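What follows is the residue order along each chain.
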Amino acid sequence: MAIIIDDENRIFTLQTQNTTYQMKADTQNVLLHTYYGEKTDHSDKSLLIYRADRGFSGNPYEIGKRDRTYSLDSLPQEYSSFGTGDYRITSLRVQNQDGSQAAELRYAGYRVQKGKYDIPGLPAAYAQNEEAETLIIRLADAYSGLEAELYYGILEEMDIITRAVKITNYGKEDVILNKAASMNLDWEYGDFEWISFYGRHSMEMNFQREKIHHGIQAIGSVRGSSSHQYNPFAIVCEKGSNETMGSCYGFSFVYSGEFLIEAEKDQLDRTRLICGIHPDNFSWKLQNGDMLWLPEVIMTHSSSGTGKLSRNLHKVIREHICRGKWKNSRCPILINNWEATYFKFNGEKLTEIAKQAKQLGIELFALDDGWFGNREDDSSGLGDWFANEKKLGCTLKELAERITAEGMQFGIWLEPEGISEDSDLYRRHPDWAVGIPGRKACLSRCQWILDFSRKDVQDYIIERISKLLDGIPVSYVKWDCNRAICDKFSRLLDSGRQGEFAHRYVLGLYRVLEELTEKFPEILFEGCGGGGGRFDAGMLYYMPQSWGSDTTDAIERLSIQYGASFGYPVSAMGTHVSTSPNHQTGRAVPLSTRGCVAMAGTFGYELDISTLTQEEKAEVKEQISRFKKYYELIQYGEYYRISSPYEGTCTVWEIADPSGREAMVSAVYHHAQANPAPVRVKVQGLKDEAGYQLFLNEDLKEKYPGRRLPYGFGSGEVLSGAALKQFGFVVPEAINGFQAWQIHIKECQPVIETGGRCV
Ligand code: GLA
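None of these values were measured; they are calculated from a predicted model.

### Quick look at the pattern of salt bridges
(1) Moving on: Within the structure shown, the criterion is met by 51 salt bridges.
(2) Moving on: A salt bridge links Glu417 to Arg534; the nearest nitrogen and oxygen atoms lie 2.7 Å apart. Here Arg534 lies in the loop between β26 (524-527) and α10 (537-542) and Glu417 lies in the loop between β22 (409-414) and β23 (418-420), a separation of 117 residues in the sequence. The same class applies to Glu417 as to Arg534, namely buried.

Okay, here's the thing in structure tokens:
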């Protein structure tokens, strides 16, 4: 039983395999948060809450004369509200019809459901009925009639608890929600740090770990989408914890729009974390009977460091967020023409790329930007989703058929949310572009955004894209969006509802994606937001992978992919091998290193194949067959971060088969040093008593005679799982700048015989 309810004492305990979460409705009907962390029993943890009379922290009227130690300003709560005595950051801020901002949410009942709840119109983790349970707790404001239903989805086996909130106005008067977060989590005690991921276009997911200090710290986006600048994901961890040790909590917002994740350490050293839609561009009017669902947050806790936390998240995203055919099938290895040609191509050139790619074992050709409308550069044509037949020299159908006749699948790039001023669509529907009447809307990449909050715009896009995809043999769609949104305004919303625009936009986008992905279940959709501008669990619900970054430089990708690995599985990360020197950084990196880094993702190519030498072509062929060989292991294995790109000389990650029979260690020297210290890898996830052999992707001895290989790499040398865990092995030294090694570790005998050859 994942949900244990003590009805008499009104205690709700959620149990997962390794964690416990508890709340209690107290004598004042406040829903207290009493515990989240390592698994424990379901006894009343509210006893651990310490109360004292705190000056200037007031007391609710009903209790205030008797007990000055009871204050909403210091009690840990499940869903806090603004204006009635809690002065910390709060999850709900309303405006009542009389202009007041008060809300007092009090416990009003609960119900339990088998299975995992879902949220109409919003992405959310899903599960079979026997895999999950749902607890719903009702909180009500007796004055206004506003109710909040707190939803808890428990995926017991996965150590996952999800949260979402449904707010309904049962009162007669309108209530405006000015802030309505999806979750609030309070820690009664603890010294915490938090990890977040910041960035910019072409350099997403930089890792940052900071102390949670007194005051408020926050990450968020007011850019219309989850953004390159901050990822909607954070980890709160105990001071001193690391990859393998210590308590840590992960919060992944299943939402692709504007978000805010805030942390506050308060006057009494208690910590509060709130995650939800960003309030700056949000206000939502609820009239009598109206309700609003707030998006889901996936939470997990690990008592053994961030490594386990990440693996919990990888699993839940892979198995309970990603959907459709491609969730469990091998995605085709693709070649994308963007960095090969940019806008300069014709049908012949594209067919030639596809033909040559086929010879190397590549399976799909993805036609990127520039094939439609009048689009010779990025200043025009967006919105005109009709092929530019003059440029292609044929119809899109003919091109697709020519390419599929070569034995390649065909894919296409779209940016359906974008609109250029210089486009037929804009000339026909200038009012469809987001902007404020009477003002000149800000351009970005010389374009605007279509008002996806409008149903007529959604319908048009669904129809146009359906027609386009119906007519040609398409196996893959890259769904891009290349600007942030400002000048937020929709002509169809009245002035009192313009604050609903940003969220309505995301709901509109989700509707379009739901319909199109349902209509075309065979197509592999890849999300993209000018790289990783919308790399979030919300998008992964519709499209199981997302282009990671417009930086294809393998060395820059090390830190982008390192950052992403904290919250997202390898199967979600779009990665390509591109040319060297790299187009974004000018850095030259060996092909084998580019291949190794791209294999920590969906894996594909994005370069002009006709410029490769015979030797390089042979290497590409070899990479492809290696990726295919290890596909299951790489995509579905357990991921371990061994060393970080921010330190030392070598970034190392490992993917182990859950059975412990094999693992792949990838090591990339990101910093060349003379006379370097050895890089030691302690391998995780193997079986202690089994014997293993190490295999290097290149035959070092043959290529570089005279080099000394570390122990384990000689022929027939066997190491035990225990030795690999405790002492590890030393990575062969770098021969080139940015050398990469892939080391396959394979069980070679079931049990170690003492005195045998095993170490
Ligand atoms: C974005 C994408 C790129 C490419 C270009 C095309 O920047 O991230 O991969 O598709 O658009 O304009």
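That shown, we press on.
### Comments concerning the confidence of the model for the protein
(1) Moving on: Taken as a whole, the protein shows an average pLDDT of 96; of its residues, 99% reach a score of 70 or greater.
(2) Moving on: Of all the helices and strands in the protein, helix α15 (residues 700-703) carries the lowest mean pLDDT, 71, while strand β15 (residues 248-253) carries the highest, 99.

### Digging into the packing of aromatic side chains
(1) Moving on: By the definition in use, this model includes 42 aromatic pairs.
(2) Moving on: Seen in terms of ring centroids, Trp187 and Phe251 are 6.4 Å apart; in terms of plane orientation they differ by 85°. Their pairing is edge-to-face. Within this pair, whereas Trp187 is found in strand β10 (residues 175-187), its partner Phe251 is found in strand β15, the two being separated by 64 residues in sequence.
(3) Moving on: Residue Phe251 is classed as buried on the basis of its relative accessible area, which comes to 0%.
(4) Moving on: Relative to Tyr542, the ring of Tyr510 has its centre 5.0 Å away and its plane inclined at 20°; by these criteria the two rings are stacked. Of the two residues, Tyr510 sits in helix α9 (residues 501-519) while Tyr542 sits in helix α10, which places them 32 residues apart along the sequence.
(5) Moving on: Among the aromatic residues, ring-to-ring pairing joins Phe197, Phe207, Phe233, Phe535, Tyr562, Phe566, Tyr568 and Tyr646 into one connected group.
(6) Moving on: Positioned over the ring face of Tyr631 is Arg330, at 6.0 Å from the centre of the ring.

### Let's talk about the side chain of Asn582
(1) Moving on: Tracing the sequence through the fold places Asn582 in the loop between β29 (577-578) and α12 (591-598).
(2) Moving on: Since its relative accessible area comes to 6%, Asn582 is described here as buried.
(3) Moving on: In this structure the side chain of Asn582 is engaged in a polar contact, spanning 3.5 Å, whose partner is the side chain of Ser578.
(4) Moving on: Leaving out residues up to four positions away in the same chain, Asn582 has contacts with Thr552, Asp553 and Arg587.

### Regarding unusual backbone geometry
(1) Moving on: Residues Ser580 and Pro581 are joined by a peptide bond in cis, for which omega reads -5°.
(2) Moving on: The phi dihedral of Asp269 is positive, around 65°, even though this residue is not glycine.
(3) Moving on: Phi is positive for Asp487, which is not a glycine, with a value near 45°.
(4) Moving on: Along the chain, Asp487 turns up in the loop between β25 (476-479) and α9.

### Overview of the sheet that holds strand β36 (residues 719-720)
(1) Moving on: Taking strand neighbours across the sheet as the criterion, the 6 strands line up as β31-β32-β33-β38-β35-β36 in an open arrangement whose pairing is antiparallel. Of all the strands in the sheet, just β31 (638-643) and β36 have a single pairing partner and so form its edges.
(2) Moving on: The pairing of strand β35 (residues 691-696) with strand β38 (residues 740-749) spans 6 bridges and is classified as antiparallel. Bridged to Phe695 within β38 is His744.
(3) Moving on: Across the sheet, helix α11 (residues 554-565) lies against β31, β32 (650-656) and β33 (662-669), angled at about 125° from β31, the strand it touches most.

### Some words on the site of the ligand
(1) Moving on: Near the ligand you find 13 residues, and of these Asp368, Asp369, Arg445, Lys478 and Asp550 are the closest.
(2) Moving on: Within the side chain of Asp369, one N or O atom sits 2.6 Å away from an oxygen atom of the ligand.
(3) Moving on: Within the side chain of Asp480, one N or O atom sits 2.9 Å away from an oxygen atom of the ligand.
(4) Moving on: Contact with the protein chains covers 97% of the free accessible surface of the ligand, which is 300 Å².

### Here we look at the sheet that holds β29
(1) Moving on: With respect to topology, 9 strands assemble into an open sheet ordered β28-β27-β26-β25-β22-β21-β20-β30-β29, the strand pairing being parallel. Of all strands in the sheet, those bounded by a partner on one side alone are β28 (573-574) and β29.
(2) Moving on: As judged from the 4 bridges shared by β25 and β26, these two strands associate in the parallel manner. Paired with Trp479 across the strands is Gly527, a residue of β26.

### As for the side chain of Thr134
(1) Moving on: Tracing the chain through its elements places Thr134 in strand β7 (residues 133-140).
(2) Moving on: Using a relative accessible area of 0% as the deciding quantity, one classes Thr134 as buried.
(3) Moving on: A polar side-chain atom of Thr134 sits 3.0 Å from the main-chain amide nitrogen of Tyr117.

### Focus on helix α2 (residues 305-320)
(1) Moving on: Compared with an ideal rise of 1.5 Å per residue, which puts 16 residues at 22 Å, α2 spans 23 Å between its outermost C-alpha atoms and is within 8% of the ideal.
(2) Moving on: Most of α2 sits inside the fold, with 13 of its 16 residues counted as buried.

### Remarks on the packing of α11 against α12
(1) Moving on: Following both chains from N to C, one finds α11 and α12 inclined at 20°, their axes separated by 9 Å at the closest point. By the angle class used here, α11 and α12 are roughly parallel. Crossing handedness for the pair α11 and α12: left-handed. In this structure, α11 contributes Ala554, Ile555, Arg557, Leu558 and Gln561 to the contact, and α12 contributes Thr593, Arg594 and Val597.
(2) Moving on: When the residues that make up the contact of α11 with α12 are grouped by side-chain class, the tally is 4 nonpolar, 2 polar and 2 charged.

### Some details on α9
(1) Moving on: Here α9 contains 19 residues, and its C-alpha end-to-end distance of 27 Å stays within 8% of the 27 Å for a straight helix at 1.5 Å per residue.
(2) Moving on: Restricting attention to buried positions, one finds in α9 the residues Phe501, Ala502, His503, Tyr505, Val506, Gly508, Leu509, Tyr510, Val512, Leu513, Leu516 and Thr517.

### Quick look at the nonpolar core
(1) Moving on: Residues Tyr79, Ile167, Leu177, Trp371 and Phe410 are the most contacted members of the largest nonpolar core, which totals 199 residues.
(2) Moving on: At 8 residues, the largest contribution of residues to this core is made by α9.
(3) Moving on: Not counting residues within four places of it along the chain, the set of residues in contact with Trp371 comprises Phe345, Trp385, Phe386, Ala387, Asn388, Leu392, Leu396, Ile412, Trp413, Leu414 and Leu468.

### So, the pairing of strand β8 (residues 146-155)
(1) Moving on: The element β8 is extensively covered by neighbouring structure, given that 10 of its 10 residues are classed as buried.
(2) Moving on: Of the two faces of β8, the one carrying Leu146, Ala148, Leu150, Tyr152 and Ile154 and the one carrying Glu147, Glu149, Tyr151, Gly153 and Leu155 are both buried.
(3) Moving on: Judged from the 8 bridges that link them, β7 and β8 form a sheet pairing that is antiparallel. Bridge pairing in β8 links Arg138 to Glu149.
(4) Moving on: Count of turn residues in the β7/β8 antiparallel hairpin: 5 residues, of which Gly145 carries a positive phi of about 85°.

### Some points on the environment of Asp459
(1) Moving on: Relative to the helices and strands, Asp459 is located in helix α8 (residues 455-470).
(2) Moving on: The exposure class assigned to Asp459 is partly exposed, which follows from its relative accessible area of 28%.
(3) Moving on: When the C-alpha positions of Asp459 and Glu515 are compared, they lie 10.0 Å apart, and in sequence the two are 56 residues distant.

### What to know about the pairing of strand β11 (residues 192-200)
Consecutive side chains of a regular strand alternate in pointing toward one face of the sheet and then the other.
(1) Moving on: Within β11, 7 of the 9 residues are buried, which leaves the element mostly enclosed by the surrounding structure.
(2) Moving on: Relative to strand β14 (residues 233-238), β11 is paired through 4 bridges, and the arrangement is antiparallel. Residue Phe192 lies in a different strand from β14, and its bridge partner there is Glu238.
(3) Moving on: For β11 and strand β12 (residues 203-211), the ladder comprises 7 bridges, and the chain directions are antiparallel. Among the inter-strand pairings, Ser196 is bridged to a residue of β12, identified as Gln208.
(4) Moving on: Linking two consecutive strands that pair antiparallel, namely β11 and β12, is a turn of 2 residues; a positive phi of about 75° is found at Ser202 within it.

Cut-off values and rules
- Numbering of residues starts from 1 in every chain and runs along the sequence as written.
- Per-residue local features are limited, in this predicted model, to residues with pLDDT of at least 70; the limit for side-chain atom pairs, both in listing and counting, is 80 or more; totals at the level of whole chains, interfaces and linings are taken over all residues.
- Think of the side-chain values as coming from all heavy atoms in the structure, minus any hydrogens and water.
- Salt bridge, as applied in this entry: a Lys or Arg side-chain nitrogen positioned within 4 Å of an Asp or Glu carboxyl oxygen.
- Here a strand is any run of E in DSSP of at least two residues, a helix any run of H or I of at least four, and the numbering for each starts at the N terminus.
- Accessibility here uses a 1.4 Å probe with only protein chains present; expressed as a share of the type maximum, an area under 20% marks a residue as buried, one over 50% as exposed, and anything in between as partly exposed.
- The pLDDT score gives, residue by residue, the confidence of the prediction method on a 0 to 100 scale.
- Only Phe, Tyr and Trp rings are paired, with Trp represented by its six-membered ring, and only when their centres lie within 6.5 Å; those with planes under 30 degrees apart are stacked, over 60 edge-to-face, the remainder tilted.
- Definition used: whenever NZ (Lys) or CZ (Arg) falls within 6 Å of the ring centre and also within 35 degrees of the ring normal, the charge is taken to sit over that ring.
- What qualifies as a polar contact is a pair of N or O atoms within 3.5 Å, subject to a donor-acceptor requirement within protein and to the restriction that residues adjacent in sequence count only when both atoms come from side chains.
- By the convention used here, residues are in contact when the closest approach between their heavy atoms is within 4.5 Å.
- In this scheme, strands are said to pair when DSSP sees at least two bridges between them.
- All axes are obtained by fitting lines to C-alpha atoms, using only the stretch in contact for helices, and the reported angles, taken between N-to-C directions, cover 0 to 180 degrees.
- What makes a residue near a molecule or strand is one non-hydrogen atom of that residue sitting within 4 Å of it.
- Only the protein chains shown count as cover for residues, and all accessible areas are computed by the Shrake-Rupley method using a 1.4 Å probe.
- To estimate how far a helix should extend, the number of its residues minus one is multiplied by 1.5 Å.
- What sets the label is the angle itself: under 35 degrees gives roughly parallel, over 145 gives roughly antiparallel, 65 to 115 gives roughly perpendicular, and the rest give oblique.
- Throughout, a crossing is termed right-handed when the near helix is turned clockwise from the far one, and left-handed when it is turned anticlockwise from it by less than a right angle.
- Amino acid classes used here: Ala, Val, Leu, Ile, Met, Phe, Trp, Tyr, Cys and Pro are nonpolar; Asp, Glu, Lys and Arg are charged; the rest, including Gly, are polar.
- Throughout, nonpolar core names a set of buried Ala, Val, Leu, Ile, Met, Phe, Trp, Tyr and Cys residues whose side chains join them through atoms within 4.5 Å.

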